[in-house]
Amino acid sequence: MSKVEEFEELRPLLFSIAYRILGSVGEAEDAVQETWLRFDGSATRPTSTKAFLSAAVTRVSIDVLRSARVRREEYTGPWFPEPLLADPYEDPARSVELADSVSMAALLLLERLSPLERAVFVLRDVFGFGFDEVAAAVGRSETACRQLVVRARRHMEAGRPRFEAVRVEREELASRFFDALREGDVAGLQKLLAADVSMVGDGGGKAPQLARAVIGAENVARLLASVFPRMARIDVTFEPHEINCQPGAIFRDRNDKVLHALTLDVLDGQIQTIRSVINPDKLGHVGPVADAWAIHREVGQVRRPTE
């Protein structure tokens, strides 16, 4: 195989590693491209191309994450990962780990880890790399990597929910949620929401967003049931779509441009968290992005009684 063929075969794996470390589609794609440049510029062929490329993309991603953390500390409002519509890498033997690790909730837990802890956890617990490979990738001893994994697991387990819904139950609950949303059915929505459900948006200061999280089943149900019918009147539509291996939907304006991506955390038969990514900088990879401010103003006008 040529270098290009070897690289393209491993590209899905490299992107999936980088995305889990960075939480950004664009930054992950850039990390993969930088990895190609390093591979293409290498005068010698590595014994294991997979090990070489995985190590290279991990090092690039760690460097990017360290600088990105400064920007995230200055971020306006809540920060969420960029929505991922489909993970390009598949491994039937690790399908559970891969799906769990890419959820919004898991990626936000990964934000609690140091860049090294995050990289080691992703390589070892998500992708199943041996400790020798992990050590080579991050430039630490195997003993140090084992300690990093233990710390990372402790942080991850502390934040995980005690019970998780199976896929079929999540999909059925999400279907009922979106049906109730279309109908503006307050009671129907409220039945599906946990008592302490929270709804949070990531606009990054570049799109309209809630001033703070909306908490409580009644508050969330009433807000959703009041807002979406007005959005529907100006031809905003939504398409249920799995996002980050979770039930979700992509909202679009009348010109089919992306307005925002919404995901649902389902736990113990109820929706626990509703997250919306509306920052246009995080939606460009999904498609052409709508003018959220213009839609916000138009929805505001719908509230007024017609004369």
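Rules of the game
- Residues numbered from 1 in each chain as written.
- Predicted model: local features only at pLDDT ≥ 70, side-chain atom pairs only at ≥ 80, totals over all residues.
- Heavy atoms only, no water.
- Core = buried A, V, L, I, M, F, W, Y, C linked by side-chain atoms within 4.5 Å.
- Buried < 20%, exposed > 50% of the residue type's maximum accessible area, 1.4 Å probe, protein only.
- Contact = heavy atoms within 4.5 Å.
- Phe/Tyr/Trp six-rings, centres within 6.5 Å; stacked < 30°, edge-to-face > 60°.
- Helix = DSSP H or I, 4+ residues; strand = E, 2+ residues; numbered from the N terminus.
- Pairing = 2+ DSSP bridges.
- Axes fitted to C-alpha atoms, helices over the stretch in contact; angles between N-to-C directions.
- Salt bridge = Lys/Arg side-chain N within 4 Å of Asp/Glu carboxyl O.
- Expected span 1.5 Å × (residues − 1).
- Polar contact = N/O pair within 3.5 Å; in protein donor to acceptor, adjacent residues only side chain to side chain.

Visitor: Would you take a moment to explain the nonpolar core for this structure?
Guide: Across soluble globular proteins, nonpolar side chains have a tendency to be buried as a group. In this structure, Ile17, Tyr19 and Phe127 are the most contacted members of the largest nonpolar core, which totals 49 residues. In contact with Phe127, not counting residues within four places along its chain, are Leu13, Ser16, Ile17, Arg20, Tyr89, Arg94, Leu98 and Val122. Formed by 37 residues, the second largest nonpolar core is a distinct cluster that contains Met199, Ala207, Val266 and Ala290.

Visitor: Which parts of the structure should I look at to understand the packing of aromatic side chains?
Guide: Here a ring pair, both rings aromatic, is described through the centre-centre distance and the interplanar angle of the planes. Per the counting criterion, the structure on display carries 10 aromatic pairs. With centroids separated by 5.3 Å and ring planes inclined at 40°, the aromatic side chains of Phe178 and Phe238 adopt a geometry described as tilted. Linking Phe178 in helix H9 (residues 167-183) with Phe238 in strand S3 (residues 237-240), this pair joins segments that are 60 residues apart in sequence. There is no split in this pair, since Phe178 and Phe238 are both buried. Ring centres of Phe238 and Phe251 lie 5.1 Å apart, and the angle between their planes is 35°; this geometry places the pair in the tilted category.

Visitor: What should I look at first to understand the sheet that holds strand S6 (residues 270-277) in this one?
Guide: Strand pairing in a sheet is mediated by backbone hydrogen bonds. Such pairs are either parallel or antiparallel. Strand order across the open sheet formed by 6 strands is S2-S1-S6-S5-S4-S3, with mixed pairing between neighbours. With one partner strand each, in any of the chains shown, strand S2 (214-215) and S3 form the two edges of the open sheet. Two elements, strand S5 (residues 258-267) and S6, share 7 bridges in a ladder whose sense is antiparallel. Each residue of the ladder has a partner; that of Val266, found in S6, is Ile271. Strands in contact with H9 are strand S1 (193-202), S3, strand S4 (248-252), S5 and S6; relative to S5, the strand with the most contacts, it is inclined by about 130°. Relative to the sheet, helix H11 (residues 217-233) contacts S1, S2, S3, S4, S5 and S6, its axis offset from that of S1 by approximately 50°.

Visitor: Any chance you could explain the environment of Ala232 here in plain terms?
Guide: Along the polypeptide, Ala232 turns up in helix H11. In sequence terms Ala232 and Asp253 are 21 residues apart; their C-alpha atoms lie 9.3 Å from each other.

Visitor: I'm lost on the pattern of salt bridges in this one. Help?
Guide: Where side chains of opposite charge bring their charged atoms close, a pairing between them can arise. With the rule as written, the count across this model stands at 22 salt bridges. Among the salt bridges present, the one from Glu218 reaches Arg222, with a minimum N-O distance of 3.2 Å. On the criterion of helical spacing, the pair formed by Glu218 and Arg222 is a turn pair, its members being 4 residues apart in helix H11. When the shortest N-O distance is used, the salt bridge between Asp256 and Arg252 registers 3.8 Å. For Arg252, a relative accessible area of 17% puts it in the buried group.

Visitor: I'm lost on unusual backbone geometry in this one. Help?
Guide: Leave glycine aside and you will find that most residues have negative phi; peptide bonds, for their part, are mostly trans. Within the chain, Asp235 stands out as a residue other than glycine whose phi angle is a positive 70°. Positionally, Asp235 belongs in the loop between H11 and S3. Positive phi, close to 50°, is recorded for Asn244, a residue that is not glycine. Asn244 gets classed as buried once you look at its relative accessible area, which sits at 1%.

Visitor: Honestly, helix H2 (residues 25-40) in this entry has me stumped. Any pointers?
Guide: An α-helical turn contains 3.6 residues, so any two residues separated by three or four positions project in the same direction. Under the 1.5 Å per step criterion, the end-to-end length of H2 is 23 Å for 16 residues, consistent within 8% with the ideal 22 Å. Taken residue by residue, H2 has Val25, Glu27, Ala28, Ala31, Val32, Thr35, Trp36 and Phe39 as its buried positions. Looking at the buried positions of H2, the neighbouring elements they touch are helix H1 (3-22) and helix H3 (49-73). Where H2 starts, the residue carrying a side-chain oxygen 3.1 Å from the main-chain nitrogen of Glu27 turns out to be Ser24.

Nothing here speaks to function; it is all geometry.
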